[in-house]
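What follows is each chain in one-letter form.
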2 protein chains.
Amino acid sequence: MKNRIYIKDLKDHIGKEVVVAGWVDVRRDQGKMAFFDMRDMTGKVQAVALPNHTDVIEKSKEVRLEWVLKITGLVNKRPERNIKAGVLNGEIELEILNIEILSEALPLPFDMSLDGYNLELTTELDNRAIVLRQPKVQAVFKVQETVIDSFREFMKKNMFFEFQAPAITPATAEGGAEVFQVDYFGKKAYLTQSPQLYKQIVMSAFERCFSVNKVFRAEPSSTTRHLTEIVSLDAEMGFIDSWMDVRDMAEETVRYILKQVEAKNSEHLKTLNATLPVMIDKTPTLSLREIQQKIFEKYGRDVRGEKDTNPEDERQICEIIKEETGSDFVFVYGYPTRKKPFYIYPNPEEPEYNEGMDLLCRGVEWLSGGRRINDYKQLTEHVELWKMDPSKVKMFLEAFKYGVPPEGGFAFGAERITMQLLGLKNIREASMFPRDMNRIDEKLNSDGY
Amino acid sequence: MKNRIYIKDLKDHIGKEVVVAGWVDVRRDQGKMAFFDMRDMTGKVQAVALPNHTDVIEKSKEVRLEWVLKITGLVNKRPERNIKAGVLNGEIELEILNIEILSEALPLPFDMSLDGYNLELTTELDNRAIVLRQPKVQAVFKVQETVIDSFREFMKKNMFFEFQAPAITPATAEGGAEVFQVDYFGKKAYLTQSPQLYKQIVMSAFERCFSVNKVFRAEPSSTTRHLTEIVSLDAEMGFIDSWMDVRDMAEETVRYILKQVEAKNSEHLKTLNATLPVMIDKTPTLSLREIQQKIFEKYGRDVRGEKDTNPEDERQICEIIKEETGSDFVFVYGYPTRKKPFYIYPNPEEPEYNEGMDLLCRGVEWLSGGRRINDYKQLTEHVELWKMDPSKVKMFLEAFKYGVPPEGGFAFGAERITMQLLGLKNIREASMFPRDMNRIDEKLNSDGY
């Protein structure tokens, strides 16, 4: 829009006539005067219709919340007594000279004001389109944008190549119960659960690669932590000396994300009343058996010998580590090889445990990864041991026939990390258009549509 | 890997002992000496096993193409007569002191050398994993990475917010014949054909937004221009004065992408023997009727009154504009309103033509966009006129009830623009893992799998 000034920049135009455009955020009639708060993507400003501008007063009486206006106005300093310190445009107001109505709005179905807004999640999702205008909701997705951007930035700084992982896959290498089936020209195809095998292929050619792509999980669970469509942030790197190189890269990636969120989203964190977790210089790293022992010693709960962690283990080990070191984060590694996917590298000195790892924070898993098998022979042996159909991983195995360096990688979900960073109660709050077994935009009705 | 030096940096280590790691790219035995070209993600260097290092010579005899090696070596200046000017590391070679074999490789199924590589596309796709190591293939995806990155960069410079558009959709707003159906917990869902309605919703809250997301087309066509899974680059902007603001933003986006590709990928363009198209200061912009008239005048072919362009029109108008102005690009606008989607804004002075536009280049469409209807009443009228089921666009219409500024946007496919930039013959060359009606990684067999 020609000559439009963004609201955040108005303070540079005191005493001047300007054009602003935006939505009516708040509206107050005061006898002979009328006040609006105008909102654009950069902020808010108080606009005032003064009694001497009779046509402006007239028009301002029509105007309702969320109407879209183009206002020509004069940027005035506020009288000393009306200054709101520490608030954007707290020291100025806009004297309205002309109002052009760009778009009208129906009455809002509920209170959208910063303080008045208080919807149940179901109602919020039923009204997603309009609710996206709410600052608390916008704050979540601004933080998520930073999470994804800073992942990408850190990857590029470290010479990772970004590729586009496919969504449609021919076969389900790992299991298959929780996979969505697509009618593909009368044949069967599936939605990808993970770009794992593709990123290993790309790594075998580009050394380091990453992807930001959708993955899909057909888990018939309707918990606060389940979505069917997720943004997966995936990295894979060749020429590692050991799985600890992967751990270090994962740690520094998360550290970079935290720093960027802190730097770019401090206002949003305040809006959401969120505190970022503490990452100390060197995140504690313990084997599964070590954390089981610690839990036993601290809480007397004996999970020693269990094949994996359960949610209570994850909560308790995070508590213990926080108390011992101040770190909100802890790496856990060394899971039973046969309980995990075929491609994870077994510890050569103790092959029944693998070199897979998880990063936990505040009681939940944030990220998974580890070293992978890079030797073709070992990989084909695992395919056989895991009783997999080699034809379903043919292209993957092909890559490993022709020389692949020692390698590993990691992955995490954008929604989950957003949820955990911000302390949200439900992962649906961290997905702009969440899909679950009962909802795709709207609640699914029982006979489908 | 500890102390590893990237091959591109070797020239800074002349006279020093270094560790490099990579693949054997070329291999030559010369009696008592052996030469390898070693390749890592940054480049190539000639490594030489000299007769006085007998254990090195011994080991180098075992080594085959694509084996992965960690080499300790001495960076030596080449004798004057052996210097290859203008080539990375043309003035140095690596005297091998020690070879550690990180991974062996089976014999390659075909010639992978820069000059020898010459596969049919079908064979190339059947061997995608290994072929990704080929420099000509890598060059395509390096350029594609720049295209997507620079789209994102330009959007961010212009205050567009990035959101994650969903892949799974509840209903098919527009038509439905060419949409993939997903079995969604026993109900029906679909793969998105476009984030169009979602980006308009997000724009209604964030003013400016963009997305880089997969879209899916179930067109049963197996041409050189059809894929079933595409990376769509989508932008949407509010507070426009007219559709020409959208045209300008689209033009500057493409200009930025061209500049970035030129700056970052000159080597890759050379490898692919590609010449970027010419974008002049102000890309010519003509209405559909104007280009039909020009085609008639120039070639005597009468397509005046046709409702859309066909491939021959697109070729001919590009030729005419190139001849007249030197521009490889031309915008075409003003299509018959009723032949296009319901949301496109009709020209108020001539409502039977819309304010939709296409950007053509070198005879094909690169990008589509235009102004959209932002008025709720007009939008619902169109929904009715287009005989659509309003319940299928409920969330979309909801956004427009509550005040939406004049707006528009555009979209283009990453694969198509990569193909056109590089002059590739088949769009499958511009998709790392192309999906079409006959292939998902491998050729689909007739009874599905």
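Residues numbered from 1 in each chain as written. Chains lettered and ligands numbered in written order. Predicted model: local features only at pLDDT ≥ 70, side-chain atom pairs only at ≥ 80, totals over all residues.

Enquirer: Would you mind going over the overall build of chain A with me for this structure?
Expert: Counting its regular elements, chain A contains 12 helices and 19 strands. Summarising its shape, the C-alpha atoms of chain A cover approximately 85 × 60 × 40 Å along the three principal directions. Put simply, chain A has 449 residues, and 47% of those count as buried. (Helix = DSSP H or I, 4+ residues; strand = E, 2+ residues; numbered from the N terminus. Buried ≥ 20, exposed ≤ 12 C-beta atoms within 10 Å, placed from the backbone.)

Enquirer: Help me understand the sheet that holds strand β18 (residues 439-440) of chain B in this model?
Expert: Strand pairs in the sheet, formed through backbone hydrogen bonds, run parallel or antiparallel to each other. All names here are of chain B. Spatial strand order, β17-β18-β19: 3 strands in an open sheet with antiparallel pairing. Both outer strands of the open sheet, β17 (435-436) and β19 (442-443), are each paired with one neighbouring strand and no more. Examined bridge by bridge, β17 and β18 share 2 bridges and lie antiparallel to one another. Paired with R435 across the two strands is I440, which belongs to β18. (Pairing = 2+ DSSP bridges.)

Enquirer: How do you make sense of the environment of R372 of chain B when you look at a structure like this?
Expert: Residues and elements named next belong to chain B. If you trace the backbone, R372 turns up in strand β15 (residues 364-372). Taking the C-alpha atoms as reference, R372 lies 8.1 Å from G356; in sequence the two are 16 residues apart. What R372 contacts, discounting residues up to four positions off in sequence, is Q200, Y343, I344, Y345, E407 and G408. (Contact = placed C-beta atoms within 7 Å.)

Enquirer: Is there a simple way to think about the interface of chain A and chain B in this case?
Expert: A common measure of how large an interface is: the accessible area buried when the components associate. Counting residues at the interface gives 83 residues for chain A and 83 residues for chain B. Per-element tally for the side of chain A that touches chain B: the top contributor is helix α5 (residues 196-206) of chain A, with 6 residues. Partitioned by chemical class, the residues of the side of chain A that touches chain B number 49 nonpolar, 10 polar and 24 charged. Inspection of the sheet shows strand β8 (residues 181-184) of chain A paired to strand β8 (residues 181-184) of chain B by 3 bridges, in the antiparallel sense. Paired with D183 of chain A across the strands is Q181 of chain B, a residue of β8 of chain B. (Nonpolar A, V, L, I, M, F, W, Y, C, P; charged D, E, K, R; others polar.)

Enquirer: Teacher, can you tell me more about the relation of the copies chain A and chain B here?
Expert: These two copies of the chain differ by a rotation about an axis and a displacement along the same axis. With an RMSD of 0.0 Å, the fit of chain A onto chain B corresponds to turning through 180° and sliding 0.0 Å along the axis. As the rotation angle and translation indicate, the two copies are arranged about a two-fold axis. The C-alpha atom lying nearest the rotation axis in chain A is that of V182 of chain A; the distance is 2.3 Å. A high fraction, 100%, of the interface residues of chain A reappear at the interface in chain B, so the copies pair face to face through one surface. (Least-squares fit on C-alpha atoms with pLDDT ≥ 70 in both.)

Enquirer: Would you mind showing me how to read unusual backbone geometry here?
Expert: Note: most residues except glycine have negative phi, and most peptide bonds are trans. All names here are of chain B. Of note, the phi angle at E66 is positive, near 70°, even though the residue is not glycine. A residue is classified by how many C-beta atoms lie within 10 Å of it, and E66, with 24 of them, is buried. A positive phi angle is found at N273, which is not glycine, with a value near 55°. Tracing the chain through its elements places N273 in the loop between α7 (266-272) and β12 (285-287). For N273, a count of 9 C-beta atoms within 10 Å puts it in the exposed group.

Enquirer: Which parts of the structure should I look at to understand the nonpolar core?
Expert: Here is a general trend for soluble globular proteins: nonpolar side chains tend to be buried in one another's company. Membership of the largest hydrophobic core comes to 251 residues, with the highest contact counts inside it found for V182 of chain A together with V182 of chain B. Contact partners of V182 of chain B, with chain neighbours within four places excluded, come to F180, V182 and L191 of chain A together with I168, A189, Y190 and L191 of chain B. (Core = buried A, V, L, I, M, F, W, Y, C linked by C-beta atoms within 7 Å.)

Enquirer: Quick question: what am I supposed to make of helix α10 (residues 376-385) of chain A here?
Expert: In an α-helix, one turn spans 3.6 residues; hence positions three or four apart end up facing the same way. All names here are of chain A. By the burial criterion, the buried members of α10 are Y376, L379 and V383. Each buried residue of α10 sits inside an arc of 65° when the element is viewed along its axis, so together they form one side. The outward face of α10, more than 90 degrees from its buried face, is lined by the exposed residues K377, E384 and L385. As for α10, its buried residues are in contact with α11 (394-401). Two residues or fewer after α10 comes K387, characterised by a positive phi angle close to 55°. (Arc of directions from axis to C-beta.)

Enquirer: Quick question: what am I supposed to make of the domain arrangement of chain A here?
Expert: Examined at the domain level, chain A breaks down into domain 1 (7-103) and domain 2 (128-443). The straight-line distance from the C-alpha centre of domain 1 of chain A to that of domain 2 of chain A is 47 Å. (Domains from an automatic or database assignment.)

Enquirer: Just to check I follow, could you spell out the environment of H226 of chain A for this structure?
Expert: Residue and element names in this part refer to chain A. Within the element layout of this structure, H226 appears in the loop between β10 (208-216) and β11 (229-238). A tally of 16 C-beta atoms within 10 Å means that H226 is categorised as partly exposed. Once the C-alpha coordinates of H226 and R28 are considered, the two residues, 198 residues apart in sequence, prove to be 43 Å apart. In this structure, H226 is in contact with E219, S221 and D436, ignoring residues within four places of it in sequence.

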